[in-house]
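Listed below are the residues making up each chain.
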Amino acid sequence: MFVRLRVVNHMLHILITSQPHHPLMKRLISIFLLLTAFITAKAELSEKAIRDIIIKCDVADTVLQAPDAPTFWQLLRHTNPEFRKTAKSLASSGDRDIKRELINELSNCDQYFRTVPTAPGLYDLSEHIVESSGIRAISPTATLTITDESDIAVFGYPNGYLFMTGGLHKAVTGDTTVLRSLFAAEAAHYALQHAYAHNKYEKKRRNRHRFWRIFGAVALTGASVLADNATDGYFPVELGLMAATAIATTDVVIRYPMRYTPMQIYEADIVAYRYCQLAFGSGLHYIMALRLVGNDLDASAAMMANAPTVADRISVLQYLDTHPEIRSRVKTRNTRPKYIKKYFDPFLPSNYR
């Protein structure tokens, strides 16, 4: 599979660097996006794979010692070995190319930040979700905006700008518990600076073709809406990809959500599950939230070739819920909070405006 991916990746690189706005090029890009979905189809996770994910990513024996939500996020950072590496890099003068790349992407996002319409009457709700989450204990300037957009999505950026769409709010009928549960996963991506860590990961792999940088970041605004209208509420990932492709090859203003590794996605899910344990008494609230909007989230991730499906993500969380004994094997279970090197936030708006 990896050989086939490299071939498609190379051919797409040629296409996108030639004449991407030519009608023929758009058709070819669409075909290759669908081809990518076909060759990256995955079988269900094995039990061993699920156990390996949990052993690597679970944080229960560190964050669940927190007396409240703000302390939860502080403990998460101070007991996460990967975040210590990320913070060290952010505090250093090195990895300037990675910082520049993310700042450039945030610059591309800035038009969206400035012009996105907000859902009327939901400001108090968004502030309640942020305040009750405790995320401002590590970032006082973190914000949540509920946008006046009809697709179903939740996404965030390394500058602490976090978003939910009005379509998501409507889909869950404004259920605050569901919204807080889904917000926790995005907050985990931000708290651990997954977008920056992912770029370091890609740099290490020397897999930084321009096609994947651009199309890996293109938002699929409206993809789930198109698919939902076409199929009366149920649709496979492939159809979500087809709707997404139609949007990706048009000349419209788009969102640029961040990209994460599969393990980072699983890690954010597990953090959100543990957050729900602390906040609501059960991690099942997060599983229920994924079930409720899973098809839409699958469609939104369809252009990320290696993104785990929502079905796989739920399988990991269900295994975590029904096998508490696996906590005894988690790598970080005896980790004590350690000093995290303070860093100047390179993603402040003043750096890209």
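In case you missed it, the structure is sitting above this.
The rules we used
Residues numbered from 1 in each chain as written. Predicted model: local features only at pLDDT ≥ 70, side-chain atom pairs only at ≥ 80, totals over all residues. Heavy atoms only, no water. Helix = DSSP H or I, 4+ residues; strand = E, 2+ residues; numbered from the N terminus. Buried < 20%, exposed > 50% of the residue type's maximum accessible area, 1.4 Å probe, protein only. Pairing = 2+ DSSP bridges. Axes fitted to C-alpha atoms, helices over the stretch in contact; angles between N-to-C directions. Contact = heavy atoms within 4.5 Å. Phe/Tyr/Trp six-rings, centres within 6.5 Å; stacked < 30°, edge-to-face > 60°. Parallel < 35°, antiparallel > 145°, perpendicular 65-115°, else oblique. Left-handed = near helix turned anticlockwise from the far one by under 90°. Nonpolar A, V, L, I, M, F, W, Y, C, P; charged D, E, K, R; others polar.

## Details of unusual backbone geometry
- Located in the positive-phi region is Asp95, a residue other than glycine, with phi close to 50°.
- Following the sequence through the fold, Asp95 ends up in the loop between helix 6 (81-91) and helix 7 (96-115).
- Its identity as a non-glycine residue notwithstanding, Gln193 has a phi of 50°, on the positive side.
- Examined against the element boundaries, Gln193 turns out to sit in the loop between helix 10 (176-191) and helix 11 (194-205).
- Its relative accessible area of 3% is what places Gln193 among the buried residues.

## Remarks on the sheet that holds strand 2 (residues 154-156)
- Taken in spatial order, the 3 strands line up as 1-3-2 in an open sheet, and their pairing is mixed. Either end of the sheet is taken by a strand with one partner, and the two such strands are strand 1 (143-147) and strand 2. The average undirected angle you get between the axes of adjacent strands in this sheet is 20°.
- Two elements, strand 2 and strand 3 (residues 161-165), share 3 bridges in a ladder whose sense is antiparallel. Each residue of the ladder has a partner; that of Phe155, found in strand 3, is Phe163.
- In the packing of helix 10 onto the sheet, contacts are made with strand 1, strand 2 and strand 3, and the angle to strand 3 comes to roughly 150°.

## Considerations on the packing of aromatic side chains
- Counted under the stated rule, the structure contains 13 aromatic pairs.
- Ring centres of Phe155 and Tyr157 lie 6.2 Å apart, and the angle between their planes is 90°; this geometry places the pair in the edge-to-face category.
- The exposure class assigned to Phe155 is buried, which follows from its relative accessible area of 5%.
- Three or more aromatic residues link up through ring pairs in this structure, and these residues are Tyr112, Phe113, Phe155, Tyr157, Tyr161 and Phe163.

## Examining the packing of helix 3 (residues 47-57) against helix 15 (residues 262-280)
- Interhelical geometry of helix 3 versus helix 15 gives an angle of 70° and a closest axis separation of 10 Å. Here helix 3 is positioned roughly perpendicular relative to helix 15, judged by the angle of their axes. Here helix 3 and helix 15 pass one another in a crossing that is right-handed. Where helix 3 abuts helix 15, its residues Ile53, Ile54, Lys56 and Cys57 lie against Met263, Tyr266, Glu267 and Ile270.
- Of the residues contributing to the contact of helix 3 with helix 15, the split by class is 6 nonpolar, no polar and 2 charged.

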